[in-house]
Amino acid sequence: MKKPIITLIVCAALVVGGFFGAKAIVNRERTAQAEAPQTEAPQTEAPQVQQPEKTEIVWYHPSDEHDRLDLTNLSDAEVDAIMNAQTDAIKASQAFDRAVENELPIGMDRPDWYGGCWIGNDNMLHFAFARCADDEARALVEKAFSGYSHKVFYEEDMPYSYNELESKSGEIFDHLLEKGFKVAGIGVKTSLNCILINVLPEDLEAAEAYREELEALFPYPIVFEEGYYFIAQ
């Protein structure tokens, strides 16, 4: 609703009057200070307040920049051809699972030095260590892949381990629910070494706006994507 013109004129007069009135008061104070005897005030240093450093979020850029191939629009023959081409990559992934199976504590699915693996558009298994991986872990993986070296591509070491991201994703999920966001799903996107959050379409914009505050609490790379609740038929 528009305000009456006369109200705007009165407001403008108050602003201008306030400005010049304040200026006059400052001038009178400066005159009084100039006429008064000058005394030097003791110099004191302002206490230095150390600001907490913001944790840097490290993003990983994989060699395979594209997501997995969308199989929904392909014929059965085309899908079979792709799966046949990826057979050795799948076998290599299974060989890795067998190699670490006896090395893991009960209840742990992946070792802490595991960065992630996925099959790329080149039909090869892309494998990455976390930066904490030692020589023993690398030797174990290389031995597991010894029969599939032609189908394995070693990515650069990941900034975060799979286990670290998976653990934090659970905390982030609970936090977003407490804040009232409609989260359809959350997990680890291994190819980007980040946490993937699926939110309902109506909450996607609000989630993006909340990113800075969320990353201040959880300093990890996060991707928001549109998602839907899964309803079993």
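Relevant structure appears above.
Residues numbered from 1 in each chain as written. Predicted model: local features only at pLDDT ≥ 70, side-chain atom pairs only at ≥ 80, totals over all residues. Heavy atoms only, no water.

Novice: Can you help me understand the environment of Val58 in this one?
Specialist: Relative to the helices and strands, Val58 is located in the loop between helix 1 (5-35) and helix 2 (76-85). Using a relative accessible area of 25% as the deciding quantity, one classes Val58 as partly exposed. A C-alpha to C-alpha distance of 9.4 Å links Val58 and Asn193, two positions 135 residues apart in sequence. In this view, Val58 contacts Arg131, Pro159, Tyr160 and Pro221; residues no more than four positions away in its chain are not counted. (Helix = DSSP H or I, 4+ residues; strand = E, 2+ residues; numbered from the N terminus. Buried < 20%, exposed > 50% of the residue type's maximum accessible area, 1.4 Å probe, protein only. Contact = heavy atoms within 4.5 Å.)

Novice: Whenever I open this one, the packing of aromatic side chains confuses me. Can you help?
Specialist: Any pair of aromatic rings gets described here by the distance separating the centres and the angle formed by the planes. Counting across every chain of the model gives 14 aromatic pairs. Aromatic pair Phe127 and Phe129: ring centres 5.2 Å apart, planes at 75°, arrangement edge-to-face. Accessibility assignment for this pair places Phe127 and Phe129 in one class, buried. When the centroid spacing of 6.4 Å and the interplanar angle of 75° are considered together, the rings of Phe127 and Tyr154 count as edge-to-face. Separated by 27 residues along the polypeptide, Phe127 in strand 2 (residues 125-129) and Tyr154 in strand 3 (residues 152-154) bring together distant segments of the chain. Take Phe127: its relative accessible area is 0%, and that puts it in the buried class. Using a relative accessible area of 35% as the deciding quantity, one classes Tyr154 as partly exposed. Here a set of aromatic residues connected by ring pairs shows up, and it is made of Phe96, Trp113, Tyr114, Phe127, Phe129, Phe145, Tyr154 and Tyr162. Over the aromatic face of Tyr114 sits the side chain of Arg110, whose NZ or CZ is 5.5 Å from the ring centroid. Positioned above the aromatic ring of Phe129, the side-chain terminus of Arg138 is 4.8 Å from the ring centre. (Phe/Tyr/Trp six-rings, centres within 6.5 Å; stacked < 30°, edge-to-face > 60°. Lys NZ or Arg CZ within 6 Å of the ring centre and 35° of its normal.)

Novice: Could you clarify how one ought to interpret the nonpolar core in this entry?
Specialist: A general feature of soluble globular proteins is that nonpolar side chains tend to end up buried together. If you look at the biggest cluster of nonpolar residues, it comprises 17 residues, and the most contacted ones within it are Ile172, Leu176, Ile195, Ile197, Leu214, Ile222 and Phe224. Looking at this core, the elements with two or more residues in it are helix 5 (162-178), strand 5 (194-199) and strand 6 (222-226). With near-sequence residues (within four places) excluded, Ile197 lies in contact with Ile172, Leu176, Val183, Gly185, Ile186, Leu214, Ile222, Val223, Phe224 and Glu225. In this structure, Ala92, Val100, Tyr114 and Val141 belong to the second largest nonpolar core, which totals 16 residues. (Core = buried A, V, L, I, M, F, W, Y, C linked by side-chain atoms within 4.5 Å.)

Novice: Mind showing me how you'd approach the pairing of strand 5 here?
Specialist: Within a regular strand, side chains alternate between the sheet's two faces. Counting buried residues in strand 5 gives 5 out of 6 residues, a clear majority hidden from the surface. Here strand 4 (residues 183-189) pairs with strand 5 via 6 bridges, running antiparallel. Looking at strand 5, one finds that Gly185 is bridged to Asn198. Remark: 4 residues form the turn of the hairpin made by strand 4 and strand 5, two consecutive strands paired antiparallel; Asn193 in that turn has positive phi of roughly 50°. As paired strands, strand 5 and strand 6 are joined by 5 bridges and run parallel to one another. The residue of strand 6 that forms the bridge with Val199 is Glu226. (Pairing = 2+ DSSP bridges.)

Novice: Looking at this model, I keep getting lost on unusual backbone geometry. Mind explaining?
Specialist: If a residue is not glycine, its phi is most likely negative; likewise, a peptide bond is most likely trans. Despite not being glycine, Asn123 shows a phi value in the positive range, around 65°. Here Asn123 lies in the loop between strand 1 (114-119) and strand 2. Positive phi, close to 50°, is recorded for Asn193, a residue that is not glycine. Inspection of the secondary structure assignment puts Asn193 in the loop between strand 4 and strand 5. Here Asn193 falls in the buried class, since its relative accessible area comes to 1%.

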